[in-house]
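# Architecture at a glance
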Number of protein chains: 2
Amino acid sequence: MSWRKERRAERGYHHGNLKEALLQAALGLIAEKGAAGFTFADAARMAGVSAAAPYRHFRDRDELLSSIAQRGFEQFEARLTAAWDDGRPDTVTAFERVGRAYLAFAREEPAFYNAMFESGLPVDANPALQAASERAFNIIRAAAERLAALAPPGTPRPPAMMMALHIWSMSHGVASLFSRGDAARRKLPMSPDELLEAEVLIYLRGLGFPTDRRPAAKSAEPPPVPPEASSGSGVPPGGPWGKPK
Amino acid sequence: MSWRKERRAERGYHHGNLKEALLQAALGLIAEKGAAGFTFADAARMAGVSAAAPYRHFRDRDELLSSIAQRGFEQFEARLTAAWDDGRPDTVTAFERVGRAYLAFAREEPAFYNAMFESGLPVDANPALQAASERAFNIIRAAAERLAALAPPGTPRPPAMMMALHIWSMSHGVASLFSRGDAARRKLPMSPDELLEAEVLIYLRGLGFPTDRRPAAKSAEPPPVPPEASSGSGVPPGGPWGKPK
DNA sequence: GGCTCATGTAAAAGCCGTTCACATGAGCTG
DNA sequence: CAGCTCATGTGAACGGCTTTTACATGAGCC
């Protein structure tokens, strides 16, 4: 390992770490100008190499984009996994934390999110990419599975896969429409996080899950799910949408 | 009006209808290759003019894209309006029809949808575009308003704006993730339409709206909303997700 | 020390967006 | 109908991007 040339102000003929440098440069460029505006040549320039050099590491511009998306899905999976925390302290709380993690990722990693969901690259054309995407979705799926198992007795048990797809679509919808770029400037009555939280809570209630602790004004809904379902999930009094002033 | 030259096989120096021809050409190209892949030069070629000609009608490529998005929002609004049909025959049925119209538009007008939601053009930078987008959203908003007014007594009335945003995010999420391009090839347990319908129904139920006619197994939920809320909205027996086999 | 191969470069071809000076001819004006 | 004018289209040119090709460099290995 002789590449302490990184420390040298001027690098020699060989870069020594070009692949990684290109990925980082691209990440920055995408965050700035979007996947559409990002150019291969710019990334090369930023890394201080000629325009042809990147082709030693990526077949073409799309493969660089795919690599970033791939990395993005991996980080995404990691963050969802951490948020889920295997359902602690209780399933509903953890479930909502996953939703917030989705939004947080979209907000905090705009470049990854862009490459993953907005770059228009064909995810299913790349098996590795598709697998990474699937692994991320499986976190939501697993969480939904656990949640479905807690469905109140007496009601038909919702299919976990469907729940997972529903939650995914809500998260993705809110993130795409309200939590990114220009769309974020739309004047909303509440933050994207609050919006999604309320949406998920209402949805879960629609499935029969008790989602708050206020004595419900309408019907007898015993809390039959033993240590669960009565969580610190922070539902404000007045329902999932604050006070109806 | 002297432009019956359209009938002439060869047009003369002047096209006579270039602006419209360019819009149509672009629409076709975007449907084929996405807004990112669409090129100004290609549209010109397809219209049979030089590469510089389009600049007599659009400031640049982005303005052409904006024009298409604008037209898209107008058609979108028209379709949502028709689907809503002023809440006939009943609010819930009409509401769900709006959701399906959202998906149908995404499916049947991929070029418009792409320009509107996936091209990455700054909607709020163009006042006309933003206004058109707002008008489309206002259909959903109006529908939510009507729906909110029907909230069962005894429950806190949900803010209509929030409901509208929720429905929008669900529709957009399902359309983006499952109803377009490659993502549509994901293996789903149900069609995007069914997925969205179930999602909306569960959500509405979470708000306290009675969404089907089966004698509920759990609580006394009188149908207090006079001629409404018990609609032909086609909820299959077994809840919004078919039979839990 | 010398070989070799991964890694980088320069140059070139082909495309695109955009601009500019110039051409054309449709419609008005008299 | 003659002639003018201005919207609309053309061709050439500039710079930038992607990608390929032939060639240069030097790091690691014998």
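No experiment lies behind these values; they were computed from the predicted model shown.

The geometry of two aromatic rings is summed up by the distance between their centres and the angle between their planes. Residues and elements named next belong to chain A. Applying the stated criterion across every chain, the model contains 17 aromatic pairs over all chains. Taken together through their ring pairs, the aromatic side chains of Phe73, Phe76, Tyr102, Phe105, Tyr113 and Phe117 make up a single cluster. The lysine or arginine in question, Lys19, covers the ring of Phe58, its NZ or CZ lying 5.4 Å from the ring centre.

Around DNA strand D sit 26 residues in total, of which Ala41(A), Tyr55(A), Ser50(B), Arg56(B) and His57(B) are the nearest. Within 4 Å of the protein, the atoms of DNA strand D are drawn from sugar and phosphate moieties in a proportion of 63%. For DNA strand D, a phosphate oxygen lies 2.7 Å from a polar atom in the backbone of Ala41(A). Contacts to DNA strand D include Arg61(A), whose backbone N or O atom sits 3.2 Å from a phosphate oxygen. With three residues, helix H2 (residues 40-47) of chain A is the single largest residue contributor to the surface near DNA strand D. Looking at the surface near DNA strand D residue by residue, the classes come out as 11 nonpolar, eight polar and seven charged.

In the vicinity of DNA strand C there are 26 residues, among which Tyr13(A), Ser50(A), Arg56(A), His57(A) and Ala41(B) approach most closely. For DNA strand C, the fraction of atoms within 4 Å of the protein that belong to sugar or phosphate moieties is 60%. With respect to DNA strand C, the backbone of Phe40(B) contributes an N or O atom lying 2.8 Å from a phosphate oxygen. Arg61(B) is positioned such that a nitrogen or oxygen atom in its backbone is 3.2 Å from a phosphate oxygen of DNA strand C. Ranked by residues supplied to the surface near DNA strand C, first place goes to helix H2 (residues 40-47) of chain B with three residues. Taken together, the residues of the surface near DNA strand C break down into 11 nonpolar, eight polar and seven charged.

Turning next to the side chain of Glu199(B). In this structure, Glu199(B) sits in helix H8 (residues 192-206). One buried charge, Glu199(B), has no salt-bridge partner; the nearest side chain with opposite charge is Arg100(B), at 13 Å. The contacts of Glu199(B), once residues within four sequence positions are left out, are His166(A), Ser169(A), Met170(A), Tyr203(A), Met170(B) and Val174(B).

So, about the environment of Ala52(B). Looking at the secondary structure, you find Ala52(B) in the loop between H2 and helix H3 (61-84). Each C-alpha atom of the pair Ala52(B) and Phe40(B) lies 9.4 Å from the other, and the pair is 12 residues apart in sequence.

Turning our attention to the relation of the copies chain B and chain A. You can overlay chain B on chain A at an RMSD of 0.0 Å; the transform is a turn of 180° with a shift of 0.0 Å along its axis. Within this description, the copies of the chain are treated as partners about a two-fold rotation axis. When the interface residues of chain B are mapped onto chain A, 100% of them again lie at the interface, so the same face is used by both copies.

On to the pattern of salt bridges, then. Residue and element names in this part refer to chain B. Scanning all chains against the criterion turns up 21 salt bridges over all chains. Between Arg71 and Glu20 there is a salt bridge, and its shortest N-O distance comes to 3.0 Å. Taken together, the residues Arg71 in helix H3 and Glu20 in helix H1 (residues 18-37) connect sequence positions 51 residues apart. Of the charged contacts, one joins Asp42 and Lys33 as a salt bridge, the two residues approaching to 3.2 Å between their closest N and O atoms. What makes Asp42 buried here is its relative accessible area of 18%.

Residue and element names in this part refer to chain B. Where helix H6 (residues 127-149) contacts helix H7 (residues 160-178), the axes come no closer than 8 Å and their chain directions differ by 125°. In terms of their interaxial angle, H6 and H7 are classed as oblique. Read as a crossing pair, H6 and H7 show a hand that is right-handed. Contacts from Phe137, Ile140, Arg141, Ala144, Glu145, Leu147 and Ala148 in H6 reach Ala160, Met161, Met163, Ala164, Leu165, Ile167 and Trp168 in H7. Taken together, the residues of the contact of H6 with H7 sort by class into 12 nonpolar, no polar and two charged.

Attention now goes to the interface of chain B and chain A. Tallying the contact residues gives 47 residues for chain B and 47 residues for chain A. Taken together, both faces of the contact between chain B and chain A bury some 3900 Å²; the carbon and sulfur share is 69%. Taken together, the connections running from chain B to chain A amount to eight residue pairs in polar contact (both at pLDDT 80 or more). When residues of the side of chain B that touches chain A are traced back to their parent elements, those giving at least two are H6, H7 and H8 of chain B. Per-element tally for the side of chain B that touches chain A: the top contributor is H7(B), with 13 residues. Here the side of chain B that touches chain A is built from residues that sort into 25 nonpolar, 11 polar and 11 charged.

Thresholds applied
- Residues numbered from 1 in each chain as written.
- Chains lettered and ligands numbered in written order.
- Predicted model: local features only at pLDDT ≥ 70, side-chain atom pairs only at ≥ 80, totals over all residues.
- Heavy atoms only, no water.
- Phe/Tyr/Trp six-rings, centres within 6.5 Å; stacked < 30°, edge-to-face > 60°.
- Lys NZ or Arg CZ within 6 Å of the ring centre and 35° of its normal.
- Near = heavy atom within 4 Å.
- Polar contact = N/O pair within 3.5 Å; in protein donor to acceptor, adjacent residues only side chain to side chain.
- Helix = DSSP H or I, 4+ residues; strand = E, 2+ residues; numbered from the N terminus.
- Nonpolar A, V, L, I, M, F, W, Y, C, P; charged D, E, K, R; others polar.
- Buried < 20%, exposed > 50% of the residue type's maximum accessible area, 1.4 Å probe, protein only.
- Lys, Arg positive; Asp, Glu negative; His and termini not counted.
- Salt bridge = Lys/Arg side-chain N within 4 Å of Asp/Glu carboxyl O.
- Contact = heavy atoms within 4.5 Å.
- Least-squares fit on C-alpha atoms with pLDDT ≥ 70 in both.
- Axes fitted to C-alpha atoms, helices over the stretch in contact; angles between N-to-C directions.
- Parallel < 35°, antiparallel > 145°, perpendicular 65-115°, else oblique.
- Left-handed = near helix turned anticlockwise from the far one by under 90°.
- Buried area = accessible area lost by both parts, 1.4 Å probe.

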